[in-house]
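Residue-level structural notes
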Amino acid sequence: MLSFEDFDFKEYDSCTLCPKNCKVNRNRGEKGFCRETRELRLAWAGLHFGEEPPITGAGGSGTIFVTGCNLRCSFCQNYQISQEGMGRAVSLEEFVSLCFLLEKEGAENINIVTGSHAIPAIAIGLKEAKMRGLKIPVVWNSSAYETEEAVSLLSDCVDGWLPDLKTLNPQVSSQIFYAPDYPETATRAILKMAEISPLKIETEDEKKYPFGKLYSGVIVRHLALPSRMADSRAVLRWFAKNLRGRALISVMTQYTPVKRISGIKSYSLFENRMLSPEEDEDLKELLLKLKIDEGFYQELVASDDWLPDFNRVQTFSSELSKPLWHWKHE
């Protein structure tokens, strides 16, 4: 029976896996910016029904939330796991079994969320699951704060990609995401993803999949921040110039004020409120002006009902999810 302990994970000896280049020895238990050692720690897994239609499909996305993160976004809705460390270590066998459990429960795909800092372990787990007969596609759901080399490590085990493109403004990325190099790093990573996985969405059953089902390709996500419409315009123009026809865009208007995370003082760069109807209209008009008509737009809803609480097994609302695994339960 294979174990993560059977693998050297040399990438962790002096960790430069992500652009932070912390150079700590995670194999010896040292922690860098992501606050994680070589252990693969997870927080929640289940069927999620709130992703883009080609990802959610008829059965829901088989979502696995990884503990830790290589960014420190000041408004992170998942701050309990990305910054406060909720989660527990899993074995290789447990990870593989979880993939098959999701498939058995009808998941359309395996959706790995915030795994950038744990790519070597996750890649081994996904390859092992596929070798044992996992049939559903794998999608990589990340901030895109990844090196091209790290993205390449996933090329033979990931089918589709759900990268964020948060901003192209270095001041914003430095103060809000703690990553001044985010714009250039994320755009390079996203272009690499598009190169690896050409867009392939098939409409095999129009009733179950009216928007088709993703088998390969990239859906670039952009969360519009209140009072930062100029940043959103820059992101959408970059997409139109570089990925039109090669990927899909997903514009999200769900910014919701969350707990102010201790020690972060960057809120002055944006207004900590929901998007206004006027900003919502500005985004829609820009999409029309840029002739971006292939993708998805999240309708503006003034509600925080969807915010997760990873202390609970029913982390998300029952309408949005069906839990199958939780970090508090062995």
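Residues numbered from 1 in each chain as written. Predicted model: local features only at pLDDT ≥ 70, side-chain atom pairs only at ≥ 80, totals over all residues. Heavy atoms only, no water.

1. Quick notes on the overall build of the protein chain
Counting its secondary structure elements, the protein chain contains 9 helices and 11 strands. Over its C-alpha atoms, taken along the principal directions, the protein chain stretches across nearly 55 × 50 × 40 Å. Out of the 330 residues in the protein chain, the part that is buried amounts to 58%. Expressed as a percentage of contacts within the protein chain between residues at least 6 apart in sequence, the contacts between residues at least 24 apart total 71%. Here the protein chain displays about 14200 Å² of accessible surface, and carbon together with sulfur accounts for 49% of that area. (Helix = DSSP H or I, 4+ residues; strand = E, 2+ residues; numbered from the N terminus. Buried < 20%, exposed > 50% of the residue type's maximum accessible area, 1.4 Å probe, protein only. Contact = heavy atoms within 4.5 Å. Areas by Shrake-Rupley, 256 points an atom, 1.4 Å probe, with all protein chains shown as cover.)

2. Topic: the pairing of strand S4 (residues 110-113)
Judged by which residues are buried, S4 turns out to be covered on both faces: Ile110 and Ile112 on one side and Asn111 and Val113 on the other are all buried. Looking at chain direction, strand S2 (residues 61-66) and S4 are connected through 4 bridges and run parallel. Among the inter-strand pairings, Phe65 is bridged to a residue of S4, identified as Val113. Inspection of the sheet shows S4 paired to strand S5 (residues 138-142) by 4 bridges, in the parallel sense. Looking at the pairing, Val113 lines up with Asn141 of S5. As a crossover connection, the stretch from S4 through helix H4 (residues 119-131) into S5 is right-handed. (Pairing = 2+ DSSP bridges. Right-handed = clockwise from strand over helix to strand, strands pointing away.)

3. Quick notes on helix H8 (residues 229-242)
Relative to the 20 Å expected for 14 residues at 1.5 Å per residue, H8 spans 20 Å between its end C-alpha atoms, a close match to the ideal helical length. The set of residues buried in H8 consists of Met229, Asp231, Ser232, Val235, Leu236, Trp238, Phe239 and Ala240. Buried residues along H8 sit in contact with helix H6 (170-176), helix H7 (182-196), strand S8 (213-223), strand S9 (248-252) and helix H9 (277-289). (Expected span 1.5 Å × (residues − 1).)

4. Describing the packing of aromatic side chains
Two descriptors summarise a pair of aromatic rings, namely the distance from one centre to the other and the angle between the planes of the rings. Tallied over the full model, the rule gives 15 aromatic pairs. An angle of 45 degrees between the planes, with centres 6.3 Å apart, marks the rings of Phe4 and Phe9 as tilted. Given the relative accessible area of 8%, Phe4 is considered buried. Where Phe211 meets Phe296, the ring centres are 6.0 Å apart and the plane angle is 70 degrees; that geometry is what we call edge-to-face. Here Phe296 lies in strand S10 (residues 295-297) and Phe211 lies in the loop between strand S7 (200-202) and S8, a separation of 85 residues in the sequence. On the accessibility criterion, Phe211 (52% relative accessible area) is exposed. One aromatic cluster is present, built from ring pairs that chain together Phe75, Tyr145, Phe177, Tyr182, Tyr255 and Phe270. The aromatic ring of Phe33 is capped on one face by Arg72, whose charged end is 3.8 Å from the ring centroid. (Phe/Tyr/Trp six-rings, centres within 6.5 Å; stacked < 30°, edge-to-face > 60°. Lys NZ or Arg CZ within 6 Å of the ring centre and 35° of its normal.)

5. Quick word on the packing of helix H3 (residues 92-104) against H4
H4 packs onto H3 with a crossing angle of 55 degrees between their chain directions and a minimal axis gap of 9 Å. With respect to their mutual orientation, H3 and H4 come out oblique. Relative to H4, the crossing made by H3 is right-handed. For the pair formed by H3 and H4, the contact residues are Leu92, Phe95, Val96, Cys99 and Phe100 on the first element and Ile122, Ile124, Gly125, Leu126, Glu128 and Ala129 on the second. (Axes fitted to C-alpha atoms, helices over the stretch in contact; angles between N-to-C directions. Parallel < 35°, antiparallel > 145°, perpendicular 65-115°, else oblique. Left-handed = near helix turned anticlockwise from the far one by under 90°.)

6. Some remarks on H4
Residues lying three or four places apart along an α-helix face the same way, a consequence of the helix completing one turn every 3.6 residues. Here H4 is 13 residues long and its end C-alpha atoms lie 18 Å apart, about the 18 Å a rise of 1.5 Å per residue gives. Regarding H4, the residues found buried are Ile119, Pro120, Ala121, Ile122, Ala123, Ile124, Gly125, Leu126, Glu128 and Ala129. Following H4 by one or two positions, Gly133 has its phi on the positive side, about 115 degrees.

7. Some remarks on a negative patch on the surface
A surface patch of negative charge is lined by Glu278, Glu281, Asp282 and Glu285. Secondary-structure assignment places Glu281 in helix H9. (Patch = residues over 30% accessible without salt bridge, like charges linked within 9 Å, V, L, I, M, F, W, Y side chains within 5 Å. Salt bridge = Lys/Arg side-chain N within 4 Å of Asp/Glu carboxyl O. Lys, Arg positive; Asp, Glu negative; His and termini not counted. Charge placed at Lys NZ, Arg CZ, Asp CG, Glu CD.)

8. Thoughts on the environment of Ala189
Mapped onto the secondary structure, Ala189 falls in helix H7. The class for Ala189 is buried, based on a relative accessible area of 0%. Each residue touching Ala189, except ones within four places of it in the same chain, is listed here: Ala144, Glu146 and Val151.

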